[in-house]
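# Chain and residue survey
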Amino acid sequence: MDYPAFLDIPALQGVAGRVRLPGSKSISNRVLLLAALSEGSTEIRGLLHSDDTRVMLDALRRLGCTVQTPDADRLCLGGLGASPPPPHTGAPVKLFLGNAGTAMRPLAAALALRGGHYELSGVARMHERPIGDLVQALQQLGCAIEYLGTPGFPPLRIRQDAAAPLALDRAIRVRGDVSSQFLTALLMALPQRAQQRELSIEVVGELISKPYIDITLALLERFGIALRRDGYRRFTILAGSRYHSPGVLQVEADASSASYFIAAGAIAASDTGQKGLKIEGVGLTSIQGDIRFIDAARAMGAKITGDAHSLQVRRGRWPLKAISLDCNHIPDAAMTLAAMALYAEGTTELTNIASWRVKETDRIAAMAAELGRLGAHCEAGEDYLRITPPGDAAHWRAASIRTYDDHRMAMCLSLAAFNPAGLPLRILEPGCVAKTFPGYFDALLGVAQTAAERIPVICIDGPTASGKGTLAAAVAARLGYHLLDSGALYRLTALSAAQHGVGPQAANEAVLAELAASLPVRFDATRVWLAGQDVSEAIRTEQIGMQASQVSQLPLVRSALVALQHGFRRLPGLVADGRDMGTVIFPQAPLKIYLTASAQCRAERRHKQLISKGISTTIADLRADLEARDARDMQRQSAPLKPAEDALLLDSSELTIDETVDRVLGWWQARQPFAH
Ligand SMILES: Nc1ncnc2c1ncn2[C@@H]1O[C@H](COP(=O)(O)OP(=O)(O)OP(=O)(O)O)[C@@H](O)[C@H]1O
Ligand SMILES: Nc1ccn([C@H]2C[C@H](O)[C@@H](COP(=O)(O)O)O2)c(=O)n1
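Residues numbered from 1 in each chain as written. Chains lettered and ligands numbered in written order. Predicted model: local features only at pLDDT ≥ 70, side-chain atom pairs only at ≥ 80, totals over all residues. Heavy atoms only, no water.

For clarity, the cut-off: UniProt positions are given in the numbering used here, feature names are shortened, and annotations may be inferred rather than shown by experiment.
Under an unreviewed UniProt entry, the name given to the chain is Multifunctional fusion protein, and the source organism is Comamonas flocculans. As its UniProt record puts it under Subunit (unreviewed entry), the chain is described as follows: "Monomer." The UniProt entry for the chain carries this comment under Pathway (unreviewed entry): "Metabolic intermediate biosynthesis; chorismate biosynthesis; chorismate from D-erythrose 4-phosphate and phosphoenolpyruvate: step 6/7."

### Here's the deal with the pattern of salt bridges
The cut-off we apply is this: Think of a salt bridge as a Lys or Arg side-chain nitrogen and an Asp or Glu carboxyl oxygen that are within 4 Å of each other. The secondary structure listing takes helices from DSSP runs of H or I that are at least 4 residues long and strands from runs of E that are at least 2 residues long, numbered from the N terminus.
The final tally for this structure, using the stated rule, is 43 salt bridges. Between Arg173 and Glu202 there is a salt bridge whose closest N-O contact spans 3.0 Å. Of this pair, Arg173 sits in strand β11 (residues 172-175) while Glu202 sits in strand β12 (residues 199-204), and the two are 29 residues apart along the sequence. Each of the salt bridges in this network shares a partner with another, and the network as a whole consists of Lys25, Asp52, Asp332, Lys359, Glu360, Arg363, Asp406, Arg408 and Lys435.

### Quick notes on the UniProt feature "binding site: ATP" (unreviewed entry) in the chain
Under the convention used in this document: Relative accessibility decides the category of a residue: with a 1.4 Å probe and only protein chains considered, values under 20% of the type maximum give buried, values over 50% give exposed, and everything between is partly exposed. Contact definition: two residues touch when any of their heavy atoms are within 4.5 Å.
Mapped onto this numbering, the UniProt entry gives "binding site: ATP" (unreviewed entry) at Gly462, Pro463, Thr464, Ala465, Ser466, Gly467, Lys468, Gly469 and Thr470. By the secondary structure assignment, Ser466 is in the loop between β28 (457-461) and α13 (468-479). Using a relative accessible area of 1% as the deciding quantity, one classes Ser466 as buried. Discounting residues that sit within four places of it in the chain, Ser466 has contacts with Leu595, Thr596, Ala597, Arg602, Arg605 and Ser652.

### Looking at the site of ligand 2
This is how it is decided: A cutoff of 4 Å decides nearness: a residue is near a molecule or strand if any of its heavy atoms lies inside that distance of it. Two N or O atoms count as a polar contact when they lie within 3.5 Å, although within protein this holds only if one can serve as hydrogen donor and the other as acceptor, and sequence-adjacent residues are included solely when both atoms are side-chain atoms. Per-residue and other accessible areas were derived by the Shrake-Rupley procedure at a 1.4 Å probe size, with only the shown protein chains allowed to occlude residues. Three classes are used: nonpolar for Ala, Val, Leu, Ile, Met, Phe, Trp, Tyr, Cys and Pro, charged for Asp, Glu, Lys and Arg, and polar for all others, with Gly counted as polar.
As a matter of local geometry, ligand 2 sits amid 16 residues, with Arg491, Arg558, Arg579, Asp580 and Arg636 nearest to it. Between Arg491 and ligand 2, the recorded distance is 2.6 Å, taken from a side-chain N or O atom to an oxygen atom. Separating a nitrogen atom of ligand 2 from a side-chain N or O atom of Asp580 is a distance of 2.8 Å. A total of 440 Å² of accessible area belongs to ligand 2 in isolation, and the protein chains cover 96% of it. Breaking the shell around ligand 2 down by element, the ones donating at least two residues are α14 (486-499), α16 (542-551) and α21 (619-635). Looking at which element gives the most residues to the shell around ligand 2, the answer is α14, with four residues. Taken together, the residues of the shell around ligand 2 sort by class into three nonpolar, five polar and eight charged.

### Considering the confidence of the model for the chain
Where we set the bar: What pLDDT expresses is the predictor's confidence in each residue, scored from 0 to 100.
With 99% of its residues at a pLDDT of 70 or more, the chain has an overall mean of 95. Both scores are given for the predicted complex: the pTM is 0.89, the ipTM 0.97.

### Focus on the domain arrangement of the chain
The condition is simple: Note that the domain bounds were set by an automatic or database domain assignment. Accessible area that two parts lose when put together, with a 1.4 Å probe and added across both, is what the buried area reports.
When the domains of the chain are assigned, the result is domain 1 (6-22 + 253-450), domain 2 (25-250) and domain 3 (453-670). Tallying the contact residues gives 23 residues for domain 1 and 20 residues for domain 2. Here domain 1 packs against domain 2, burying approximately 1,700 Å² in sum over the two surfaces, 53% of which is carbon and sulfur. Area buried by domain 1 at its contact with domain 2 is led by Ile287, Val358 and Lys435, which between them contribute 32% of it. On the surface where domain 1 and domain 2 come into contact, there are one salt bridge. Of the charged contacts, one joins Lys435 and Asp52 as a salt bridge, the two residues approaching to 2.5 Å between their closest N and O atoms.

### Description of the sheet that holds strand β34 (residues 591-596)
Here is the rule we go by: If DSSP finds at least two bridges between two strands, the strands pair. Orientation is described by axes fitted as lines to C-alpha atoms, over the contacting stretch for helices, and by angles from 0 to 180 degrees between their N-to-C directions.
The parallel open sheet is built from five strands, whose spatial order is β29-β33-β28-β34-β35. Strand pairing shows two members of the sheet lacking a second neighbour, β29 (482-485) and β35 (648-651), which therefore form its edges. Each neighbouring strand pair of the sheet contributes to a mean axis angle of 20°, computed without reference to strand direction. Across five bridges, the pairing between β28 and strand β33 (residues 574-578) is parallel. Pairing of Val457 across the sheet is with Leu574, part of β33. Along the sheet face, α13 touches β28, β29, β33, β34 and β35 and points at about 180° away from the line of β33. Strands in contact with helix α22 (residues 657-670) are β28, β34 and β35; relative to β35, the strand with the most contacts, it is inclined by about 165°.

### With respect to the side chain of Thr236
Within the secondary structure, Thr236 sits in strand β14 (residues 234-237). Under the relative-accessibility criterion, Thr236 is labelled buried at 4%. A distance of 3.0 Å separates a polar atom in the side chain of Thr236 from a polar atom in the side chain of Ser200. Beyond its immediate sequence surroundings of up to four residues, Thr236 is in contact with Glu198, Leu199, Ser200, Ala226, Leu227 and Arg228.

### Remarks on the site of ligand 1
Taken together, 16 residues form the shell around ligand 1, and within it Lys468, Gly469, Thr470, Arg606 and Leu655 come nearest. One of the side-chain N or O atoms of Arg579 is found 3.4 Å from an oxygen atom in ligand 1. Separating a nitrogen atom of ligand 1 from a side-chain N or O atom of Arg605 is a distance of 3.4 Å. When the free accessible area of ligand 1 is taken as 630 Å², the share hidden by the protein chains comes to 80%.

### Some remarks on helix α1 (residues 25-37)
Cut-off, in case you're wondering: By this rule the span expected of a helix is its residue count minus one, scaled by 1.5 Å.
Taking 1.5 Å of rise per residue, 13 residues should cover 18 Å, and α1 covers 19 Å from first to last C-alpha, within 8% of that figure. By the criterion of burial, α1 is predominantly enclosed, with 13 of the 13 residues buried.

### Brief notes about the sheet that holds strand β32 (residues 533-534)
Spatially, β30-β31-β32 is the arrangement adopted by the three strands of the open sheet, whose pairing is antiparallel. Only two strands of the sheet have a single neighbouring strand rather than two, namely β30 (521-523) and β32. Note: strand β31 (residues 528-530) against β32, two bridges, orientation antiparallel. Across the sheet, Trp529 pairs through a bridge with Asp534, a residue of β32. With respect to the sheet, α14 is in contact with β30, β31 and β32, its orientation differing from that of β31 by roughly 30°.

### Side note on the packing of aromatic side chains
Put simply, the test is: Classification of ring pairs uses Phe, Tyr and Trp, with its six-membered ring standing for Trp, and accepts pairs whose centres are within 6.5 Å; under 30 degrees between planes counts as stacked, over 60 as edge-to-face, and the remaining range as tilted. Look at NZ for Lys and CZ for Arg. If either is within 6 Å of the ring centre and within 35 degrees of the ring normal, a charge sits over the ring.
Following the criterion strictly, the structure yields ten aromatic pairs and no others. Consider the rings of Tyr260 and Tyr440, whose centres lie 5.8 Å apart with planes at 75°: the pair is edge-to-face. Of this pair, Tyr260 sits in helix α7 (residues 255-267) while Tyr440 sits in helix α12 (residues 440-447), placing them 180 residues apart in sequence. Overall, the relative accessible area of 0% leaves Tyr260 in the buried class. Look at Phe261 and Phe437: their rings are 6.2 Å apart centre to centre, the planes differ by 50°, and that puts the pair in the tilted class. Placement of the pair is Phe261 in helix α7 and Phe437 in the loop between β26 (425-428) and α12, with a sequence separation of 176 residues. A residue is classified by how much of its surface remains accessible, and Phe437, at 3% relative accessible area, is buried. Ring pairs connect the aromatic residues Tyr3, Tyr260, Phe261, Phe437, Tyr440 and Phe441, which therefore count as one cluster. Positioned above the aromatic ring of Tyr232 is the side chain of Arg229, whose terminal nitrogen or guanidinium carbon lies 4.7 Å from the ring centre. Sitting over the face of the ring of Trp318, Arg315 holds its NZ or CZ atom 3.7 Å from the ring centroid.

Here's what the structure looks like:
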């Protein structure tokens, strides 16, 4: 999925319908590693496809695992089992793990105990995220693991002789108060060495994020590892433990990802009565700790019901109620409470969140800064955050939100689009959501509702071959907006008429209008389909262009296509190209461009375009054709081609494509309310 450099979300008003969430990141990466350590193949269903699972899968492939994907929902991973590790004397196996803590920590432990020569690195931020307590625990055992950069942080080198004895007779001590991933890493890796003896881990300090340990324990059990435990202080892996693939394993949808939609359901009114939003793939009995976010959301006012596999959320108390909560048990989802606090009465206090400071970014500082940009007042402490929302609608500000390469910052702050002031919201670098939820914005905007007038439309009208289509597509891509090529609809009508043996002349107006009203058309990212047939090229011929110009003269055909064109106005916005976008179809559009170029210039461009497709023609013929088409389009009675009164004129004869795009984006930016 290609994300633009920023995404402008119009003010949103409601949510309704259903949303299917991607798989849990925590479960996905744990399952991948456990499957890799097992003998035989594991079929994983519902695996998350995101940056963090991609780096884990790439690493496992490099380690020798086989990966097959029979379909989009299933991935079969062939485990390493008892196969020998690479020699510790050979060249290192280099593993790049991006910013995935759920890959870096467990792989470091698993490979140190397996033996071999490896180098583990990540992005710059990964090299600032602590791993010293885990490394120390492994070094206690005698594992040869060292830092390649700053002590206490990745990158790491592991150079371990698989046959060398390790000090496994006493309990391994690991700190639990910095990241629970260190304990998870040891729990998943140690069974490799538990064939002959039982192995114990002792947690030093108060263990944080205990629910993540519960996920680890539940999955170890699914992979046949037997454990004894004393609360969260001591864990003993029983002698004879062996990873045993469960065969098929279904990954639950991500409970942390669910939090954004639970929050949206609690914040946004629904225009379909009291039904609200259905969240599919994760339910009330989830094994993920972040499902407890539900309790906090309920305490703030959300009405949540559900079953084992889904949740139903709607607005309850309004405004929401401010809460004071120790968030140790839901460190990730607690960020969503900070966004909900924008809609609460009073000051919300989130405590015991020191771990936020060592995540993808310093989340306490980042959250305070961005909520402040929206008009909230925040007090950030070493391990707490207090949020007082903007006093009333007048105190909200149209903000351009920084996301700090942190997926959760982008997803949480997107909830500010439901603000009561009706202000649009800009999210910078929205592509960071790819870490755990690549389709997040499509999912949110798919269930969000707002008045059509709030969805911005940029109209680009002009004569044939002026460059409208090229400009409109580029502007839409830069803004992450939908695209309407309205000319394609007239071309499709002409093609459909030709296929039905109906001529384009006025005598056939009623039949042509009927065909236009019921075009079995489907657009995808790059192709156009008519009655299931790919007609992307067929509608581009000069002959169909001429016939399209003829059918477009007919008022009944034009009105038959109006509703179809209005249907393209979807969140987050639309760029529409044609002849009457600004004058007839979207007369209230906030930006209208009338794009021209001299006839000679347009004929030369079209000539170049056709030659590149292997179609031979002359510039003179093309110029005559396009002038005839322009004349017909400009002189027709119904919706003639002309600039809208409030259109900005752009002559592209002397401009490159990039220059026209920059000009339009400049005009668009100038109309936006975002403070920089
Ligand atoms: N500013 C420009 N400089 C040079 N070439 C351009 C420029 N703008 C567009 N072109 C080229 O001109 C050709 C026609 O552009 P395009 O198809 O976008 O025009 P159009 O107005 O959408 O045409 P139509 O109305 O027939 O659909 C394309 O090959 C495109 O790459
Ligand atoms: N909004 C529109 C778009 C197009 N037409 C007509 C005029 C053109 O000759 C024909 C094909 O358009 P093109 O693909 O070349 O942009 O459709 C129109 O009348 N109104």
